[in-house]
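Spelled out, the chains give:
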Amino acid sequence: MKLATYSTVGAGKIGALMADGRRLVDLQAAAGGDPRFATMLSLIDAGDAGLAEARALLSDAERTGAHCDPLDTVTLLAPIPVPPQIRDFSVFPTHIVQAPTGMKKLAAALKGEPIPEIEPGEVPAVYKAQPIYYFTNRFSVVGPESTVKWPRYSDYMDFEIELAIVLSKGGKDISVEAAGDHIFGYTIFNDFSARDAQLVEMGGMLGPAKGKSFHAGNAMGPFLVTRDEIPDVGALKASVRINGQPFMADDCSAMLHSFEEMIAFVSRDETLHAGEIFGSGTVGNGCGLEHFTFLADGDVVELEIDAIGVLRNTVVRQ
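None of the values given here were measured: they were computed from a predicted structure.

### A word on the overall build of the protein
When you go through the protein residue by residue, the secondary structure sums to 8 helices and 19 strands. For 318 residues, the compact-globule estimate of 2.2 N^0.38 gives 20 Å, and the protein sits close to it at 20 Å. Each of the three principal axes of the protein carries a C-alpha extent, and together these read 65 × 45 × 30 Å. Per-residue burial for the protein yields a buried fraction of 52% across its 318 residues. Counting contacts in the protein only where the partners sit at least 6 residues apart, residues at least 24 apart contribute 76% of the total. Only carbon and sulfur atoms are counted for the fraction: they give 51% of the accessible area of the protein, which is about 13500 Å².

This is the structure:
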C-alpha cells in the first residue's frame, strides 16, 4: 500500500492511495473511528493485524467509493510529521568521495580564492567497515509542496535525494537476518543542507548541526510505501529535477550497507523504536555540492524514486 498522512479542513488523517491514484481512503473514518488509524504511528504500532485491516478497508473503499478524499483537495504532510527519531546514514560511495571535494571547493570560494580542480579520492575504510550516521532534528520535518525557508545564516543552500525507511517495531541486538521484519516501509527524504554552515561546524568533528538542523530542513513524502511493495531496493530508480529541468538520474544499487545491516549495527546494545526513520544518505550525484552548484531563491526541487512518487518543495530566501 501507499500510505499518506494528510489534512483536510482542520483535520489530520491517514489514508491509503486508491488504485486510480487520485483518491485517498480515510482509514479511520472507514474503520468507524478505530484509534489504530488515528495516526501513522498508531497504525505502525498496530502491527501486522493493523496493516491487514487497512488493506481490507482499502479493498472495501475500492468497491464502494465510501470515505474517500480526492487527492487534489487535500494537503499531504510528511508521512510521520514528528518521528520518534531520525538517523541519517551515508552509504553511497559516489557521494562519499565527491562531497568532500565539493567542500574543499566551497572553502576556497568562501576565502575568495580560485576554485581548485580536485579529483575525488577513495572511500575511507571506516565507511566500508560500518554504517556511518548522524542524528538530525525530528521536529523540523515537512511534507511535499511545503516551502523551505533558507536559513538567514547561509548563502549556500543545497538539497540531497535519499531513500528512507520507517521502522515497524523496536528491538535490541537485532540480527541482519531478522532486520527485514523491522522495516515498515519506504519514503523519500530531502536532507536540505546549509553547506557553508556545515563546512564550519564539521571542523569540530562532532558531525553536522546548524548545517542540517533548521526549520523545515527535513522534507519527506509524498507517501510511505509498505515493504511488500518494494522487494528490491537496489533496483529503485532515483532522479532529481530543478525547476523542471533534469539534474541527475541513478539507482540505489550501490549502497555499501543494506538497511538490514544498518538496523543490525545500530541496535547493538541499543534499543530501537517503532516509527524511527533511517535515511540512506545521498544517492550518488544527488546533491548540488557534488556538482558545485547550489540552489537559488525560488527554486523548485523535485525528487522522484520509483514506486514512491515525487517529493516537491520550493526553497525561498528569507
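### A short note on helix H3 (residues 47-64)
Compared with the 26 Å implied by 1.5 Å per residue over 18 residues, the 26 Å span of H3 between its first and last C-alpha is a close match. Among all positions of H3, only Gly 50, Leu 51, Ala 54, Leu 57, Leu 58 and Ala 61 are buried. Summarising the axial view, the buried residues of H3 lie within an arc of 120°, below the 170-degree limit, and thus occupy one face. Summarising the geometry of H3, the exposed residues directed more than 90 degrees from the buried face are Asp 48, Ala 49 and Arg 63. Where H3 ends, the next residue or the one after it, Gly 65, has phi of about 75°, a positive value.

### Considering the environment of Gly 275
Inspection of the secondary structure puts Gly 275 in the loop between helix H8 (259-266) and strand S17 (277-279). For Gly 275 and Phe 259, which are 16 residues apart along the polypeptide, the C-alpha to C-alpha distance reads 15 Å. Not counting residues up to four positions away in its chain, the partners in contact with Gly 275 are Leu 41, Ile 44, Ile 80, Pro 83, Pro 84, Val 166 and Leu 167.

### Some points on unusual backbone geometry
The step from Gly 221 to Pro 222 runs through a cis peptide bond, and the omega angle for that step is -5°. Within the secondary structure layout, Pro 222 lies in strand S14 (residues 218-226). Phi at Glu 145 takes a positive value of approximately 70°, unusual for a residue other than glycine. Among the residues examined, Glu 145 registers a relative accessible area of 52% and is labelled exposed. Phi is positive for Asp 173, close to 55°, though the residue is something other than glycine. Here Asp 173 lies in the loop between strand S11 (161-167) and helix H6 (176-179). Given a relative accessible area of 43%, Asp 173 falls into the partly exposed group.

### Describing the pairing of strand S15 (residues 237-242)
By the bridge criterion, 6 bridges tie S15 to strand S16 (residues 245-251) in an arrangement that is antiparallel. For Ile 242, the partnering residue across the bridge sits in S16 and is Gln 245. Hairpin connection of S15 to S16: 2 residues between the antiparallel strands, including Asn 243 at a positive phi of 50°. With 5 bridges connecting them, S15 and strand S18 (residues 300-305) associate as antiparallel partners. Each residue of the ladder has a partner; that of Arg 241, found in S18, is Glu 302.

### Focus on the nonpolar core
Counting residues in hydrophobic clusters, the biggest one holds 55 residues, and the most contacted among them are Tyr 186, Phe 192, Phe 259, Ile 263 and Phe 278. Per-element tally for this core: the top contributor is H8, with 5 residues. Residues within four places of Phe 278 in sequence aside, it is in contact with Arg 87, Phe 89, Leu 163, Ala 164, Ile 165, Leu 167, Phe 259, Met 262, Ile 263, Val 266 and Leu 272. The next biggest cluster of nonpolar side chains, apart from the first, holds 29 residues, and it includes Val 25, Leu 27, Leu 43 and Ala 54.

### Topic: the sheet that holds S16
Spatial ordering of the open sheet is given by S9-S19-S18-S15-S16, a layout of 5 strands whose pairing is mixed. Edge positions in the open sheet fall to strand S9 (147-150) and S16, since each of these has one partner strand only. Taken over all neighbouring pairs, the strand axes of this sheet differ in orientation by 20° on average, direction set aside.

### Topic: the pattern of salt bridges
Pairing of side chains with opposite charge becomes possible as their charged atoms draw close. Tallied over the entire structure, the rule returns 19 salt bridges. In this structure, Arg 195 engages Glu 160 in a salt bridge whose closest nitrogen and oxygen atoms are separated by 2.7 Å. Of this pair, Arg 195 sits in helix H7 (residues 195-201) while Glu 160 sits in the loop between strand S10 (157-158) and S11, and the two are 35 residues apart along the sequence. For Arg 195, a relative accessible area of 1% translates into the label buried. For Glu 160, a relative accessible area of 4% translates into the label buried.

What counts as what
- Residues numbered from 1 in each chain as written.
- Predicted model: local features only at pLDDT ≥ 70, side-chain atom pairs only at ≥ 80, totals over all residues.
- Heavy atoms only, no water.
- Helix = DSSP H or I, 4+ residues; strand = E, 2+ residues; numbered from the N terminus.
- Rg over C-alpha atoms; globule rule 2.2 N^0.38 Å.
- Buried < 20%, exposed > 50% of the residue type's maximum accessible area, 1.4 Å probe, protein only.
- Contact = heavy atoms within 4.5 Å.
- Areas by Shrake-Rupley, 256 points an atom, 1.4 Å probe, with all protein chains shown as cover.
- Expected span 1.5 Å × (residues − 1).
- Arc of directions from axis to C-beta.
- Pairing = 2+ DSSP bridges.
- Core = buried A, V, L, I, M, F, W, Y, C linked by side-chain atoms within 4.5 Å.
- Axes fitted to C-alpha atoms, helices over the stretch in contact; angles between N-to-C directions.
- Salt bridge = Lys/Arg side-chain N within 4 Å of Asp/Glu carboxyl O.

Everything listed here is a matter of geometry and, on its own, says nothing about what the molecule does.
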